[in-house]
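# Per-entry structural report
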Amino acid sequence: MCTRVIWPDAGGAVLVGRNMDFHKDLMTNLWSQPRGIERDDGVAGRLTWTSKYGSVIVTAFDLISVDGLNEAGLAGHVLWLAESTYGEPDETRPALSQAIWLQYFLDNFATVAEAVDWIAQTEVQVVQMSDPTGGSPPTIHLALDDAGGDSAIIEYIDGGPRVYHDASYRVMTNSPTYDRQIQLLGRWQGLGGDQPLPGDTEAEHRFARAAYYSSRLPTPTDGIDAIASMFSVIRNAAQPFRIPDPGKPDASQTIWQTVTDLTNKRLVFESTTRPNIVWVDLADLDLAEGAAQRKLDLNGRLAVEGGDAGNVGDQFEDRGPITFLSLALLRRLERSGHDN
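Counting of residues starts from 1 at the beginning of each chain's written sequence and follows it residue by residue. For this predicted model, a pLDDT threshold of at least 70 governs which residues receive local features, and a threshold of 80 or more governs which side-chain atom pairs are given and counted, while totals over whole chains, interfaces and linings are taken from all residues. Side-chain numbers come from the whole structure's heavy atoms, not from hydrogens or water.

## Remarks on the overall build of the chain
Inclusion rule: Runs of H or I in DSSP of at least four residues are treated as helices and runs of E of at least two as strands, each being numbered from the N terminus. Radius of gyration means the value over C-alpha atoms here, while the globule rule gives 2.2 Å times the residue count to the 0.38 power. Whether a residue is buried, partly exposed or exposed follows from its accessible area with a 1.4 Å probe, protein chains only, as a fraction of its type maximum: under 20%, in between, or over 50%, in that order. Here, two residues are considered to be in contact whenever any of their heavy atoms come within 4.5 Å of each other. Charged-residue counts in this description rest on Lys and Arg as positive and Asp and Glu as negative, His and the chain ends being excluded. By convention, the point assigned to a charge is CZ for Arg, NZ for Lys, CD for Glu and CG for Asp.
Broken down by element type, the chain carries 7 helices and 19 strands. What you see for the chain is a C-alpha radius of gyration of 19 Å, in line with the 20 Å of a compact globule of 340 residues. The C-alpha extent of the chain, read off along each of the three principal axes, is 60 × 45 × 40 Å. When burial is assessed residue by residue, the chain has 54% of its 340 residues classed as buried. Considering only contacts within the chain whose residues lie at least 6 apart along the sequence, 67% involve residues at least 24 apart. Here the chain contributes 28 positively and 47 negatively charged side chains, and the mean placements of these two sets differ by 2 Å.

Below, the structure is given as structure tokens:
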């Protein structure tokens, strides 16, 4: 599940809030990713690149980036979309594994428009990965936003990308596909229709509430006020801890939230199971070429009583580079499991 909201006029800044809704702990950590890292597509290795921009990313199991911000002000957010169909692998098209999909954009582009142009030129394929932790293979879509207030939602249907690119596309949740979400939005009071604003946790209804409340935020007095205002919107769209609804095993509680200031390059993280909010300013991270990839161990540092709070830019540690999930790594894990 999940919700993402853009606030493009937050007192001179562009802010983005997102909820991560999932049915189990994703063992999330923060990582700094400097410029100059050599990577490949995680599929067959035909697409390779060297990161042009440094970034801070939010990971799941330290195998996939699911949220992040680069030093040019481009941010991205991975959400669940059950309707996603990626198609059979096509060797005539460049490919990216789901695990490296978001990271490719953070590494290479400064704006949403640049990223969208690249997708149009390449018809890049996203390759679905099995879940090494035992869950269902992910079906995901991606939101991109930038410091200019631009927005795009990228979905894969019938093996090809569908890109919804417009600065007015400020809200994103899950099913149905984005074109249908936009059609449904106008039914609600304050958004063009006459039906009362819905209050449950259905994706369509979270979409409506996020759109309604984010459009009515007052001008903030400062950056802290802006971040608090955005948290108020995404908390309204959050999902409570609960037993899964009958027939909806994928309906999930909110496990963490981020608010990202794309203008001032700050990422704020809040866990729903930990007492403290932490944030990092990209200016406090060493993102120069040749710098170490550094990790903020949220599972260790936030889990203890009286753990980290506030600015944690100086708390990232060199634990070695992150290893994104790839088809080669999956095969090694499968062989290891068979051997055991």
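Now that the structure has been shown, we can carry on.
## Section: the layout of surface pockets
Under the convention used in this document: Of the two site types, the cavity is a set of points on a 1 Å grid over the protein atoms alone where a 1.4 Å probe fits but cannot get out, and the pocket is an open set with protein on both sides within 12 Å along at least five of seven lines, each lined by residues with an atom within 4 Å of a point. Grid points are joined across faces, edges and corners, and a volume is the space filled by probe spheres set on the points. Three classes are used: nonpolar for Ala, Val, Leu, Ile, Met, Phe, Trp, Tyr, Cys and Pro, charged for Asp, Glu, Lys and Arg, and polar for all others, with Gly counted as polar.
Empty space within the largest pocket amounts to approximately 510 Å³. Breaking the lining of the largest pocket down by element, the ones donating at least two residues are strand E2 (15-21), strand E7 (64-70), strand E8 (75-80) and helix H1 (98-108). Ranked by the residues each element gives to the lining of the largest pocket, the list is headed by E8, at 3 residues. Taken together, the residues of the lining of the largest pocket break down into 20 nonpolar, 7 polar and 4 charged.

## Describing helix H3 (residues 178-185)
Stated precisely, the cut-off is as follows: It is the directions from the helix axis to the C-beta atoms whose arc is reported.
Turning to H3, its buried residues are Tyr178, Gln181 and Leu184. Buried residues in H3, looked at end-on, bunch into an arc of 120°, giving them a common side. Looking at the buried side of H3, the elements it contacts are strand E12 (151-157), strand E13 (160-165), strand E14 (171-172) and helix H4 (203-214).

## A few points about the side chain of Arg4
Filter applied, for reference: Polar contact criterion, stated in full: a pair of N or O atoms within 3.5 Å, where within protein one must be able to donate a hydrogen and the other to accept it, and residues adjacent in sequence count only if both atoms are side-chain atoms.
Mapped onto the secondary structure, Arg4 falls in strand E1 (residues 3-7). Of the polar contacts made by the side chain of Arg4, one reaches the side chain of Asp145; its length is 3.1 Å. Among the polar contacts made by the side chain of Arg4, one reaches the side chain of Ser151 at a distance of 3.0 Å.

## Some remarks on the packing of aromatic side chains
The condition that has to hold: Note on aromatic pairs: the rings of Phe, Tyr and Trp (six-membered ring only in Trp) are paired at centre separations within 6.5 Å, and the planes decide the class, stacked below 30 degrees, edge-to-face beyond 60, tilted for the rest.
Evaluated as defined, the whole model comprises 15 aromatic pairs. Where Phe105 meets Phe109, the ring centres are 5.9 Å apart and the plane angle is 35°; that geometry is what we call tilted. Grouping residues by exposure puts Phe105 and Phe109 together as buried. A centroid spacing of 5.6 Å and a plane angle of 50° characterise the contact between Tyr164 and Tyr178, whose relative ring orientation is tilted. Taken as a pair, Tyr164 in strand E13 and Tyr178 in helix H3 lie far apart in primary sequence, 14 residues in all. By relative accessible area, which is 13% here, Tyr164 ends up buried. Linked through ring pairs, Trp49, Tyr104, Phe105, Phe109 and Trp118 together constitute an aromatic cluster.

## Things to note about helix H2 (residues 112-122)
Among the residues making up H2, those that are buried are Val112, Ala115, Val116, Trp118 and Ile119. End-on view of H2: buried residues confined to an arc of 155°, all on one side of the axis. Exposed positions of H2 whose direction lies more than 90 degrees from the buried face are Ala120 and Gln121. The first or second residue beyond H2 is Glu123, which carries a positive phi of 50°.

## Some points on the pairing of strand E17 (residues 277-281)
As a reminder of what qualifies: Two strands form a pair only when DSSP identifies at least two bridges running between them.
The pairing of strand E16 (residues 266-271) with E17 spans 5 bridges and is classified as antiparallel. Residue pairing across strands places Phe269 opposite Val278, the latter belonging to E17. Hairpin connection of E16 to E17: 5 residues between the antiparallel strands. Here 2 bridges tie E17 to strand E19 (residues 310-311), and the two strands are oriented parallel to one another. In the strand pairing of E19, Val278 is matched with Gly310.

## Here we look at the packing of H3 against H4
Applicable threshold: To obtain an axis, a line is fitted to C-alpha atoms, over the contacting stretch when the element is a helix, and the angle between two such axes runs from 0 to 180 degrees between their N-to-C directions. Roughly parallel refers to an angle under 35 degrees, roughly antiparallel to one over 145, roughly perpendicular to one between 65 and 115, and oblique to any angle outside these ranges. Whether a crossing is left-handed or right-handed is set by the direction in which the near helix is turned from the far one by less than a right angle, anticlockwise for left-handed and clockwise for right-handed.
Two numbers describe how H3 lies on H4: the axes approach to 10 Å, and their chain directions differ by 60°. Accordingly, the angle class assigned to the pair H3 and H4 is oblique. Where H3 crosses over H4, the two elements pack in a sense that is right-handed. Facing Tyr178, Gln181, Leu184 and Leu185 of H3, the residues of H4 in contact are Ala203, Glu204, Phe207, Ala208 and Ala211. Its residues assigned to classes, the contact of H3 with H4 comprises 7 nonpolar, 1 polar and 1 charged.

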